Amino acid sequence: MKAANKEALKESIAVLMKKNKIPGVALALWHNGKRVHLEGYGFTDHQRRMATGVNSVFQLGSISKTLTAWGVMKLVEEKILDLEAPVDTYLHKWKLPSSSFDHSKITLQSLLSHTGGMNISGYPEVQVNTDLLRTRTFERENGLKVIYEPQQGFKYSGGGYSLVQHVIEEVTGMKFDNYMKKNVFEPLGMQESTFLITERVEPRISQAFGAYGFVMPKRYYAEHAAAGMYSSINDLSRFLGAHMKDTDTSGFLSPESQTKLRTRIFRKVNYGLGYHIVTFPQNRKMLFHHGTNIGFNSSFAVFPEQGAGIALLTNSVNGSHIINRLLHEWVLDIVGENINSYPQGIKMKEQSKIRNAIQILCYDRKGLHLTR
């Protein structure tokens, strides 16, 4: 997928959109530390046929988790939070139900890496204008609880991120959305990004579309950290830039914080703090996350050391089809360009590694449910 040939890229995307009945797509590409492509395709409003623009707003689903991890790291840098302290240290208004497991091992680090032993993988329910502590997540009977020994394995948990959201509100005295706007979105120049629907953003929010192109009802999530973020491709592109060297947002987090976010907690688990992590041949590390709310699919991936990145937003339940195709082509452009120069035996081995990594990136949805 070559950004230089924009007409060919536009034609390819149009074919995929038509084939998969996807009304709107937005795409950002970075190469060698520079943004080389930023464009919207199709439309975001069925009745008014509003064109998808770079500031059109989409639901991001579980990409919310990555931005939440960045919000936590700002508080760690300010010595307000400690990643390795028992999370119970910060809980006053609500406590985890008692269990037979060791709660002292439930830390912010384990929650951000899905190793905290929590239940609640995702959020299919719609909860409008609900205080976080009044959601089903924090019910005493059927809500968030510890279901296996913390720090002993990986289990994807949106509920764990809801607990992180509550911790941020406890220690800052601010609503989560206000904290993130002031301390993450505004410093990064992400002007369209929000967890609350404001008068400024609402006119640009895309409709959600079903499998056959029909408009779906709007859905909202009180569980902001796990699933509730709204953003544009312009903003998500700025977030990609914060991973690169020598951009206007690259110094937002310290190198130490960036390293912490990008490090796997368990060697055999492809997850750090808020990121899936895949290592390609020649030790090229790629960070990524997908997001799926009903009627929206999104994804981003970045090779920080190579200065390469991609972000994709779609407004359809079918969006994963075009996302997987474009991610696959993009990764091969980045990591496959030198394979043919290898000796035959090494070439086959490296190609196998690439295929396995792409499988994880594009097609391995195991354990990731309605909200990812």
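Residues numbered from 1 in each chain as written. Predicted model: local features only at pLDDT ≥ 70, side-chain atom pairs only at ≥ 80, totals over all residues. Heavy atoms only, no water.

Draft legend 1. Structural detail: the overall build of the protein. Looking only at helices and strands, the protein has 10 helices and 11 strands in total. Every one of the 372 residues in the protein was classed for burial, and the buried ones make up 58%. Here the protein has roughly 15,900 Å² of accessible surface; of this, 49% comes from carbon and sulfur atoms. (Helix = DSSP H or I, 4+ residues; strand = E, 2+ residues; numbered from the N terminus. Buried < 20%, exposed > 50% of the residue type's maximum accessible area, 1.4 Å probe, protein only. Areas by Shrake-Rupley, 256 points an atom, 1.4 Å probe, with all protein chains shown as cover.)

Draft legend 2. Seen up close, the environment of N119. Residue position: N119 is located in the loop between α3 (108-112) and α4 (158-172). On a C-alpha basis, the gap between N119 and L144 in space is 6.1 Å, while along the polypeptide they are 25 residues apart. Ignoring any residue separated from it by four or fewer positions in sequence, one finds N119 in contact with G143, L144, K145, I147, S157 and G159. A polar atom in the side chain of N119 sits 2.8 Å from the backbone nitrogen of K145. (Contact = heavy atoms within 4.5 Å. Polar contact = N/O pair within 3.5 Å; in protein donor to acceptor, adjacent residues only side chain to side chain.)

Draft legend 3. Up close: the confidence of the model for the protein. Overall, the prediction assigns the protein a mean pLDDT of 87, with 87% of residues at 70 or greater. The least confident element of the protein, judged by mean pLDDT, is helix α10 (residues 344-363) at 57; the most confident is helix α2 (residues 63-77) at 98. Within the model, pLDDT remains below 50 along residues 338-343, and this stretch shows eight contacts once partners closer than five positions in the same chain are excluded. Between residues 364-372, whose pLDDT stays under 50, and residues either more than four places distant or in other chains, the model counts 33 contacts. (pLDDT = per-residue confidence, 0-100.)

Draft legend 4. Highlighting the sheet that holds strand β10 (residues 296-303). Strand order in the open sheet formed by seven strands is β3-β2-β1-β11-β10-β9-β8, and the pairing between neighbours is antiparallel. One side of each edge strand has no neighbouring strand; the edge strands of this open sheet are β3 (50-51) and β8 (276-280). Pairing between strand β1 (residues 24-31) and strand β2 (residues 34-45): eight bridges, direction antiparallel. What sits directly across from A28, in β2, is L38. Sheet strands in contact with α2 are β9 (284-293) and β10, and its direction is about 120 degrees off that of β9. (Pairing = 2+ DSSP bridges. Axes fitted to C-alpha atoms, helices over the stretch in contact; angles between N-to-C directions.)

Draft legend 5. Expanded view of the pattern of salt bridges. With the rule as written, the count across this model stands at 10 salt bridges. In this structure, the salt-bridge partner of K245 is E305, at a minimum N-O distance of 3.5 Å. With a gap of 60 residues between them, K245 in the loop between α7 (233-241) and α8 (255-261) and E305 in the loop between β10 and β11 (308-314) connect regions that are remote in the sequence. Like K245, the residue E305 is exposed in the burial classification. Taken together, the shared-partner salt bridges connect E192, R200 and R204 into one network. (Salt bridge = Lys/Arg side-chain N within 4 Å of Asp/Glu carboxyl O.)

Draft legend 6. View of the side chain of S193. Within the element layout of this structure, S193 appears in the loop between α5 (176-188) and β5 (208-209). With sequence-adjacent residues up to four places away left out, S193 is seen in contact with F185, M229, Y230, S231 and D235.

Draft legend 7. Structural view of α4. Helix length check: α4, at 15 residues, gives a terminal C-alpha distance of 21 Å against a target of 21 Å (1.5 Å per residue), a fit within 8%. Most of α4 sits inside the fold, with 13 of its 15 residues counted as buried. Its side-chain oxygen at 3.4 Å from the backbone nitrogen of G159, S157 defines the N-terminal cap of α4. (Expected span 1.5 Å × (residues − 1).)

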